[in-house]
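Residue strings, one per chain:
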Protein chains: 2
Amino acid sequence: MVAVETTWAHRLREAGLRVTRPRLSVLGVLADRPHADAGTIVTVARELHPSLSPQAVYGVLEAFVAAGIARRIEPAGAPALFELRVGDNHHHLVCRSCGAVADVDCVLGAAPCLAPSDPAGFVIDEAEVVFWGSCQACQNRDRQVAAAADPVQLEEHGTRGGAGA
Amino acid sequence: MVAVETTWAHRLREAGLRVTRPRLSVLGVLADRPHADAGTIVTVARELHPSLSPQAVYGVLEAFVAAGIARRIEPAGAPALFELRVGDNHHHLVCRSCGAVADVDCVLGAAPCLAPSDPAGFVIDEAEVVFWGSCQACQNRDRQVAAAADPVQLEEHGTRGGAGA
DNA sequence: CCCTTTTCTTGACTGACTCAAGAAAAGGGC
DNA sequence: GCCCTTTTCTTGAGTCAGTCAAGAAAAGGG
């Protein structure tokens, strides 16, 4: 416990940031939930630090991103997500149904891992890749809903689909 | 002129959509500006159709996307953009400074053009690729600003950088 | 031309995020 | 340990993109 907090404090100092309660709280939440949005971080961090304000969280996250200890991702149609895994140029899988996000290692290595053949005069520093699809849980749920609608196929289970946030 | 409108009308009917003035206006704007956001579309379309409401434009764009005659892209940190180029799985170059967007043909062909080695149980239907960098105009501007700050290098021109959008 | 369905206008509202000012906390120097 | 400066956090108002809902207007088949 103490060791963990010491580690976070160390990481903050390394990045040239002061060690504060809000920053440690946000680091703790991000360690638990690797793709949390600002609202989730506020909610969860308040369990330990009830006076924490949303604006503090926005400020902390901005400082983390500027210092290079967090990365911001913005899948279309969702609020920004933050992750502590930085510097390895990995990409993301996003579920169209529930918004779940998973990491994928970059297939090709260093950033930018891809280069267009005709860059139209642009100097490119990053290739961002988002894979859109359906996560395992949503596939299971959809299969169960389909089975309920057409019981001939999988009648033996009689399962029901629960909404998966 | 009439031929053009007739073509748009035809395209709408093909897609199963009624032909209306707002829809023709939005198509016209998108033909001129291949990566316009909703606000720009409202402003430009009102030159021809002053009573057009923002909500009508949101509705029209939603109908276009649902019908497959437009595509919505959402670069991080910017409002959604719309384009008429659909069905070819192309990708985008986005300028970090001015937000300019250019199309790039997909290097690999059909969608999803990439596949992660470990998809973590996801079924993937699309790989979205965004190349981030600096467009030609912003490179020129930055070079001029640098020259103004350090005149030894390129003194002979004495150019000044204008803020670009 | 009429009638039904779709679409558009008007206007209120939400969610994510930003801006600004003053209060509180961090951490180096003594 | 205490003080002082700088950074950071809290509080509160504001912005921007987009959504929701209800009634008016327009499309297009009969």
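Residues numbered from 1 in each chain as written. Chains lettered and ligands numbered in written order. Predicted model: local features only at pLDDT ≥ 70, side-chain atom pairs only at ≥ 80, totals over all residues. Heavy atoms only, no water.

### Some thoughts on the overall build of chain A
Inclusion rule: Note on conventions: DSSP H or I runs of at least 4 residues are helices, E runs of at least 2 residues are strands, and numbering of each starts at the N terminus. Per-residue accessibility, obtained with a 1.4 Å probe over protein chains only, is compared with the maximum for each type, and a residue is labelled buried under 20%, exposed over 50%, and partly exposed between these values. We call two residues contacting when some pair of their heavy atoms lies within 4.5 Å. Per-residue and other accessible areas follow the Shrake-Rupley method at a 1.4 Å probe size, with only the shown protein chains counted as cover for residues.
A tally of helices and strands in chain A yields six helices and six strands. Across chain A, helices and strands are ordered from the amino to the carboxyl terminus as α-α-β-α-α-β-β-β-β-β-α-α. Each of the 165 residues in chain A was classed as buried or not, and the buried ones make up 40%. Restricting the contact set of chain A to residue pairs at least 6 apart, pairs at least 24 apart contribute 41%. Accessible surface, chain A: about 9,300 Å² in total, of which carbon and sulfur atoms supply 54%.

### Side note on the protein's contact with DNA strand D
Our working rule: We define proximity as follows: a residue is near a molecule or strand when any one of its heavy atoms falls within 4 Å of that partner. The term polar contact refers here to a pair of N or O atoms within 3.5 Å; inside protein, the definition further demands a hydrogen-donor-capable atom paired with an acceptor-capable atom, and it admits residues adjacent in sequence only when both atoms are side-chain atoms. When residues are sorted by character, Ala, Val, Leu, Ile, Met, Phe, Trp, Tyr, Cys and Pro go into the nonpolar class, Asp, Glu, Lys and Arg into the charged class, and all the rest, Gly among them, into the polar class.
Of all residues adjacent to DNA strand D, which total 17 residues, the nearest are A:T20, A:R23, A:A56, B:V19 and B:A80. When the atoms of DNA strand D within 4 Å of the protein are grouped by moiety, sugar and phosphate amount to 67% of the total. One of the side-chain N or O atoms of A:S53 is found 3.0 Å from a phosphate oxygen in DNA strand D. Those elements giving two or more residues to the surface near DNA strand D turn out to be α2 (21-32) and α4 (54-67) of chain A together with α4 (54-67) of chain B. Considering each element in turn, the surface near DNA strand D owes the most residues, three residues, to α4(A). Here the surface near DNA strand D is composed, by residue class, of eight nonpolar, six polar and three charged.

### As for the interface of chain B and chain A
Interface size is often expressed as the accessible area that is lost when the parts come together. Definition in use: Accessible area, probed at 1.4 Å, shrinks when two parts are joined; the buried area is that loss added up over both. A pairing counts as a salt bridge when a side-chain nitrogen of Lys or Arg comes within 4 Å of a carboxyl oxygen of Asp or Glu. When DSSP finds at least two bridges between two strands, those strands are taken to pair.
Chain B puts 34 residues into the contact, and the matching count from chain A is 34 residues. Around 2,800 Å² of area is buried between chain B and chain A when both sides are counted, 60% of it from carbon and sulfur atoms. The largest contributions to the chain B side of the interface with chain A come from B:F122, B:E128 and B:F131, which together make up 22% of the buried area. Where chain B packs against chain A, one counts four salt bridges. The closest approach of N and O atoms between A:R96 and B:D125, which form a salt bridge, is 2.6 Å. At the surface where chain B touches chain A, the tally comes to 18 residue pairs in polar contact (both at pLDDT 80 or more). Among the secondary structure elements, those contributing two or more residues to the side of chain B that touches chain A are β4 (91-95), β5 (101-104), β6 (123-134) and α5 (136-149) of chain B. Per-element tally for the side of chain B that touches chain A: the top contributor is β6(B), with twelve residues. Of the residues in the side of chain B that touches chain A, the class split is 22 nonpolar, six polar and six charged. Taken together, the eleven bridges between strand β6 (residues 123-134) of chain A and β6(B) define a ladder with antiparallel strand orientation.

### Overview of the protein's contact with DNA strand C
What surrounds DNA strand C is a group of 19 residues, the closest being A:V19, A:A80, B:T20, B:R23 and B:A56. A:Q55 is positioned with one of its side-chain polar atoms (N or O) 3.2 Å from a base oxygen of DNA strand C. Backbone polar atom of B:S51 to a phosphate oxygen of DNA strand C: 3.2 Å apart, as the coordinates give it. Sorting the residues of the surface near DNA strand C by element identifies α4 of chain A together with α2 (21-32) and α4 of chain B as the ones contributing at least two each. Take the surface near DNA strand C: its biggest share by element is three residues, from α4(B). Grouping the constituent residues of the surface near DNA strand C by class yields eight nonpolar, seven polar and four charged.

### Points about the sheet that holds β6(B)
What counts, and what does not: Axis definition: a line fitted to C-alpha atoms, limited for helices to the stretch in contact. Angles are taken between N-to-C directions and run from 0 to 180 degrees.
The mixed open sheet is built from six strands, whose spatial order is β5(A)-β4(A)-β6(A)-β6(B)-β4(B)-β5(B). Edge positions in the open sheet fall to β5 (101-104) of chain A together with β5 of chain B, since each of these has one partner strand only. Along the sheet, successive strands turn relative to each other by an average axial angle of 25 degrees, direction set aside.

### Comments concerning the confidence of the model for chain A
Our working definition: For every residue, the predictor assigns a confidence score, pLDDT, that lies between 0 and 100.
Put simply, chain A has an average pLDDT of 87, and 84% of its residues get 70 or more. This model gives residues 154-165 of chain A a pLDDT under 50, and the stretch forms 13 contacts once residues within four places in sequence are excluded.

### Some remarks on the relation of the copies chain B and chain A
In summary, the two copies of the chain are related to each other by a rotation about an axis coupled with a shift along it. Short version of the rule: Copy-to-copy superposition: least squares on the C-alpha atoms, limited to residues that have pLDDT of at least 70 in both copies.
For these two chains of identical sequence, chain B goes onto chain A by a turn of 180 degrees and a shift of 0.0 Å along the axis, with RMSD 0.0 Å. The relationship between the two copies is best expressed as a two-fold rotation axis. By C-alpha distance to the rotation axis, the residue of chain B lying nearest is B:V129, at 2.3 Å.

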